[in-house]
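Analysis of the macromolecular model
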Amino acid sequence: MWNRIDKFFGISQPKKETTEHINIAKEKIVISEDLETNLNNLQANLSDSVDFNSKDILLGGNQNYKATVTYIVSIVNQQYLQQEILKPLMLNIKFTSPEDTKKNIKQLVQQLPLPIGQTSFIGSLNEAIGEILEGKVVLFINHFDQAFVLDIKELASRSVETPQIESATRGPQEAFTENLELNISLIRKRIRDNNLMIEVHKVVARTKTDLGVCYINDLADQEILKQLNNRINNLDLDGVVDTGYLDQYFQDNWKTPFPIFQNTERPDKAIHNLLEGKILLVLDGTPFVSIIPTTFIQFFQTPEDYYDIFYVGSAIRILRLIATFITVSLPSLYISLVSFHHELLPTDLALTIATTRQEVPFPSYLEAVIMEVSLELLRESGIRLPGAIGQTIGIVGGLVLGEAAVNAGLVSPPMVIVVAITAISSFVIPDYEAAIPLRLLRFPLMILASFFSVYGIMVGWLFILIHLCSLESFNQPYFAPFAPIKVTDLKDSIIRVPLRLMGQRPHSTANQQKDRQTRKGESKDEE
Amino acid sequence: MKNKKSDREMIANRQLVFIIIQITVGTGILSLPRQISLVSRQDSWIAVLLGGSYWVFSLFFIYKLGSQFPQQTIIEYSEIILGSILGKILSLTYVLYSITITALSVRIFIMVITTYILPKTPVSINLSIIIITCLYLISKGLKTMARLDEFLFFVLAPAYLVMIPTILKSNWWHFKPILGTGIKEIFDGSLITTYSFLGPEIILLIFPYIKEKKNIFKSSLISLGIITLTYLYVIIITIGYFGVETLQYILWPTINLLKAIKIPFFGRLEFFLIFLWIAIAFTSIAAFYYMASYSVAQFFSLKNKLLSAFILLPIIYYLFFIPKNIIEVFEYTEIVAQFGTILIFVIPPLLLLITKLRGLGHESQANNS
């Protein structure tokens, strides 16, 4: 649409560059036999970076075997390099005959007792640059048209810690970290199944980030996998920093406020979803793992629901849905009751509210909007401030300001109560990402309510419902167990039935094996 | 359009059941008890059952006709059956019918909204709000509508359940003497129900999008059963509570009924019903609007249903303001109901007959190709 508008005003569009053009080297360069040429080529591409290092050595101390070790200082384990690579290369290689270098050199290097798991030979210089940038050491040898790659990268990362955002009362207290391999190991150690597949794609032109796609082969839907691979291959981006980037690009419908994929930092949650036949996106550099495909109800579920007794789990889920309802519509219902339909309230209550509102100069909708906006301000400032000061904001903003506003007669106490309940409810929604759009939706609803009372609220709800029904996550209905209704999936939605009765995997995420266990259940598909 | 629809666009038969229920039960339900008891008096419940049973035949013919042209809608195959001129005229009547019924049901909807919720807000603004919501649903397509309908069916069921307490205060003498009104009155009453039963003809349009075409008749019968039971329930409860004589003086008996129930701390229970009824009526209006815009899109071979919905806007606004008052509105509903009766009860069997005589349809087409 913007293109059209720009065209209309005669604004020229910059031509869209494809990812290939951004690449460092356009044509493929082969590694030549001449060491100097290789180094010159390398330097042309990498010399500007301060931390690029190339060190000339003589293999086995022999003048005839010049070689160069190239690497980037900041992402390589230097001590290891000196002790375990340079030393053996310089001292331990024994040459039998000085003549037939070309044939033997590969064998010699291979036979060298280097204590490194991942080594390989590559023939193209572009590849070599890629490997160097990834934190590997590349060894060029004179008169030899291949380069030897040694993986000794050491990237700064933190160790496994407790979950920061999704804290839980029960269950594993590990959280994913920014390191892809560590994350995969957290998954791998929990599923000892040979069907657990982990594919790593290098995505995106500039950052060349590793993207792990993780699924259980005989559970995940192959159709979704195919689509996912398609979307990964078509990804046209400069860089990815967080899975949030991918989510926005992989969405079926990008014009939606609702999160289409769930992100989690808890391995147990990820595993639970893997076992339901879902696919995980593990991006290097972020502790958040995306779950594909996602249904709306998932945002209201936490791992503890399954760990606790099912009565407790179900009750808490119902509580969360009530909280969602309150978050979205309590302020608007209050507005419509107070400004349009006070006769709906019991007389005593109506009188109480009327008395408190006597001195308030604002109409109720304005009062509500002011209060709700200031609540959002408080919340946002609380997040941005460092932990210790953040609490002060809560006290100053919530207690002092609220009290003062009521005493000054600017705001009526019932309004403060409504706003406070809304705020508390909005924090009951376990997924922070899902809570944001729901919290914001109450503003349009408040505006509708102030104009059209309950009629406006119902229309607003219908709008939200239509939108939810139309959404799809990888062609799977987003609002799934409810619309379209999947009777068998309702067992794990608003309530959670005992684990004994959850013999079947959810049908919403179409998958191959319906039964979780060998126990027999009817596997009649609904749609 | 003649190509087979891809599986992703299809709706399940289960969803068809809910679409038919939601399109049919809408604006009619509020006034039906009064209208029908005017004629059939204490035997209204028999009249409703009778009125529902007519539809079994109609649905059967609609299904048979549809399965002759499983990949086409009535707008498309009417030209094949009747030739281009007659076919176009028939299509146009269907288009006109669906526009009129949309406008009429919106009118009744807005009347209730104005009476109970927003007496001071200009009617045209109230109208615009609901129309915008309809347009949004139409832009999302049939599949979304199907999902919304099946979801709302279960969510809105409490709206009917809140009426149950009035049974305690019902007087069962209001139904006696059974069959005392006479056969002719019962029959006349069953014809009055037609307006409330309009809606299942949407099958004529969405037939190509239904997954299992063989079970369409079965699905539509299930929905017809649920619709008839709903009306029966409402009529029995209202007559049982008010009695036939009182019922004549109540404009929306279904709403007024709830005034009888008093729950401590919650002043007006009927308000709860109106609140939920907004959604019930919306699904009906939106589905009629969808039907209208889809048939217009097919008639003028437009690809975009939303565009045709926009084209219809001025017509709906015009038709909306034609009835001057509430009495005229109900007169118009009767006219539309008669119009609909011809289109739904007479035309499909006739078309089917001509198809068979001319050797058109699914079987013969299969032989040719």
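Named according to an unreviewed UniProt entry, chain B is Spore germination protein originating from Halanaerobacter jeridensis. Its UniProt record gives chain B the following Subcellular location (unreviewed entry) comment, quoted word for word: "Membrane".

An unreviewed UniProt entry lists chain A under the name Spore germination protein, with Halanaerobacter jeridensis as the source organism. Regarding chain A, the UniProt comment filed under Sequence similarities (unreviewed entry) reads as follows: "Belongs to the GerABKA family."

For an interface, size is often stated in terms of accessible area lost upon the parts coming together. Listed as interface residues are 34 residues of chain A and, on the opposing side, 38 residues of chain B. Counting each side, the surface lost to burial between chain A and chain B is near 3200 Å², with a carbon and sulfur contribution of 74%. In terms of surface lost to chain B, no three residues of chain A exceed Leu344, Tyr455 and Ile466 of chain A, which account for 22% of the buried area on that side. Between chain A and chain B we count two salt bridges in total. The partner of Glu472 of chain A in a salt bridge is Lys143 of chain B, and the shortest N-O contact between them spans 3.4 Å. Here chain A is connected to chain B by six residue pairs in polar contact (both at pLDDT 80 or more). With 16 residues, the top contributor of residues to the side of chain A that touches chain B is helix H17 (residues 432-470) of chain A. Broken down by class, the residue content of the side of chain A that touches chain B amounts to 24 nonpolar, six polar and four charged.

Now for the packing of aromatic side chains. Taken as a whole, this structure holds 35 aromatic pairs over all chains when the rule is applied. An aromatic cluster of three or more residues is present, and its members are Phe258, Phe296, Phe300, Tyr478, Phe479 and Phe482 of chain A together with Phe151 of chain B. Arg107 of chain B extends its terminal NZ or CZ atom over the ring of Phe320 of chain B, reaching a point 5.5 Å from the ring centre. Of note, Lys176 of chain B hangs over the ring of Trp173 of chain B, and the distance from its end group to the ring centre comes to 4.9 Å.

With that settled, consider the domain arrangement of chain A. One can read the domain layout of chain A as domain 1 (19-150), domain 2 (180-294) and domain 3 (308-476). Computed over C-alpha atoms only, the centres of domain 1 of chain A and domain 3 of chain A are separated by 63 Å.

Empty space within the largest pocket amounts to approximately 1100 Å³. Around the largest pocket, the lining comprises 36 residues; the ones closest to its centre are Phe325, Leu465 and Phe479 of chain A together with Phe151 and Val155 of chain B. Tallied by class, the residues present in the lining of the largest pocket amount to 33 nonpolar, three polar and no charged.

Another aspect to go through is unusual backbone geometry. The omega torsion across Ile292 of chain A and Pro293 of chain A is -20°, close enough to zero to call that bond cis. Looking at where Pro293 of chain A falls in the secondary structure, it is placed in the loop between strand E10 (289-292) and helix H11 (303-307). The amide bond that connects Ala483 of chain A to the next residue, Pro484 of chain A, takes the cis arrangement and shows omega of 0°. Here Pro484 of chain A lies in the segment after strand E12 (476-477). In the Ramachandran plot, Ser301 of chain B falls in the positive-phi region, its phi being about 40° despite a non-glycine side chain. As for its position among the elements, Ser301 of chain B is in the loop between helix H14 (269-299) and helix H15 (305-320).

Residue and element names in this part refer to chain B. Taken as a whole, this structure holds three cavities of 30 Å³ or more when the rule is applied. Taken as a whole, the largest cavity holds about 80 Å³ of empty space. Along its surface, the largest cavity is lined by Ile74, Tyr94, Tyr97, Ser98, Glu201, Leu204, Leu205, Met291 and Ser295. Broken down by secondary-structure element, the contributors of at least two residues to the lining of the largest cavity are helix H5 (84-116), helix H10 (203-206) and H14. It is H5 that contributes the most residues to the lining of the largest cavity, three residues altogether. By residue class, the composition of the lining of the largest cavity is six nonpolar, two polar and one charged. Empty space within the second largest cavity amounts to approximately 60 Å³. If you go around the second largest cavity, the residues you meet are Ile29, Leu30, Ala159, Tyr160, Met163, Thr254, Leu273, Trp277 and Ile280.

A few words on the environment of Ile436 of chain A. If you trace the backbone, Ile436 of chain A turns up in helix H17. In the structure, Ile436 of chain A is positioned ten residues away from Ser426 of chain A in sequence and 8.5 Å away in space, judged by C-alpha atoms.

Bringing helix H4 (residues 74-82) of chain B into the picture now. All names here are of chain B. Of all the positions in H4, only Ile74, Ile75, Glu76, Tyr77, Ser78 and Ile81 are classed as buried. Packing partners of the buried residues in H4 comprise helix H3 (44-68), H5, H10, H14 and helix H16 (326-358). Of the residues flanking the end of H4, it is Gly83, one or two places downstream, whose phi is positive at about 85°.

Residues and elements named next belong to chain A. The strand order across the open sheet built from five strands is E6-E7-E9-E10-E8, with neighbouring strands paired in antiparallel fashion. Each edge of the open sheet is held by one strand with a lone partner, namely strand E6 (196-203) and strand E8 (262-264). Strand-to-strand twist of the sheet, defined as the mean angle between neighbouring strand axes without regard to direction, takes the value 25°. For strand E9 (residues 279-283) and E10, the ladder comprises four bridges, and the chain directions are antiparallel. Across the sheet, the residue bridging to Leu280 is Ile291, located in E10.

In this section: helix H1 (residues 13-24) of chain B. All names here are of chain B. Along its twelve residues, H1 runs 17 Å from first to last C-alpha, staying within 8% of the 16 Å computed at 1.5 Å per residue. Most of H1 sits out of view: twelve of its twelve residues are buried. Among the residues making up H1, those that are buried are Asn13, Arg14, Gln15, Leu16, Val17, Phe18, Ile19, Ile20, Ile21, Gln22, Ile23 and Thr24. Elements that come into contact with the buried residues of H1 comprise helix H7 (142-161), helix H9 (194-197), H10, helix H11 (216-242) and H14.

Before going further, it helps to examine the confidence of the model for chain A. All names here are of chain A. Of all residues in chain A, 90% have pLDDT values of 70 or greater, and the mean over the chain is 82. Summarising per-element confidence for chain A, the mean pLDDT is lowest in helix H2 (residues 19-22) (41) and highest in H17 (93). Long-range and interchain partners of residues 519-527, a stretch whose pLDDT sits below 50, account for 19 contacts in this model, where long-range means more than four residues apart.

UniProt records the feature "transmembrane region" (unreviewed entry) for residues 318-340, 410-429 and 441-466 of chain A in the present numbering. Taken as a whole, residues 441-466 of chain A contains 100% helix and 0% strand, while its terminal C-alpha atoms sit 14 Å from one another.

This part is about the nonpolar core. If you look at the biggest cluster of nonpolar residues, it comprises 201 residues, and the most contacted ones within it are Tyr455 of chain A together with Phe109, Ile117 and Tyr289 of chain B. With 23 residues, H14 of chain B is the single largest residue contributor to this core. Domain assignment of the residues forming this core places at least three in each of domain 2 (180-294) and domain 3 (308-476) of chain A. Ignoring anything within four residues of it in the chain, the contact list for Tyr289 of chain B reads Thr102, Ile131, Cys134, Leu135, Ile138, Ala309, Leu312, Leu313 and Ile316 of chain B. One finds Tyr71, Ile105, Val109 and Ile152 of chain A within the second-largest nonpolar core, a separate group that totals 26 residues.

Conventions and cut-offs
Residues numbered from 1 in each chain as written. Chains lettered and ligands numbered in written order. Predicted model: local features only at pLDDT ≥ 70, side-chain atom pairs only at ≥ 80, totals over all residues. Heavy atoms only, no water. UniProt positions renumbered as here; feature names shortened; annotations may be inferred. Contact = heavy atoms within 4.5 Å. Buried area = accessible area lost by both parts, 1.4 Å probe. Salt bridge = Lys/Arg side-chain N within 4 Å of Asp/Glu carboxyl O. Polar contact = N/O pair within 3.5 Å; in protein donor to acceptor, adjacent residues only side chain to side chain. Helix = DSSP H or I, 4+ residues; strand = E, 2+ residues; numbered from the N terminus. Nonpolar A, V, L, I, M, F, W, Y, C, P; charged D, E, K, R; others polar. Phe/Tyr/Trp six-rings, centres within 6.5 Å; stacked < 30°, edge-to-face > 60°. Lys NZ or Arg CZ within 6 Å of the ring centre and 35° of its normal. Domains from an automatic or database assignment. 1 Å grid on protein atoms, 1.4 Å probe; cavity = no way out; pocket = protein on both sides within 12 Å on 5 of 7 lines; lining within 4 Å. Points joined across faces, edges and corners; volume = space filled by probe spheres on them. Buried < 20%, exposed > 50% of the residue type's maximum accessible area, 1.4 Å probe, protein only. Pairing = 2+ DSSP bridges. Axes fitted to C-alpha atoms, helices over the stretch in contact; angles between N-to-C directions. Expected span 1.5 Å × (residues − 1). pLDDT = per-residue confidence, 0-100. Core = buried A, V, L, I, M, F, W, Y, C linked by side-chain atoms within 4.5 Å.

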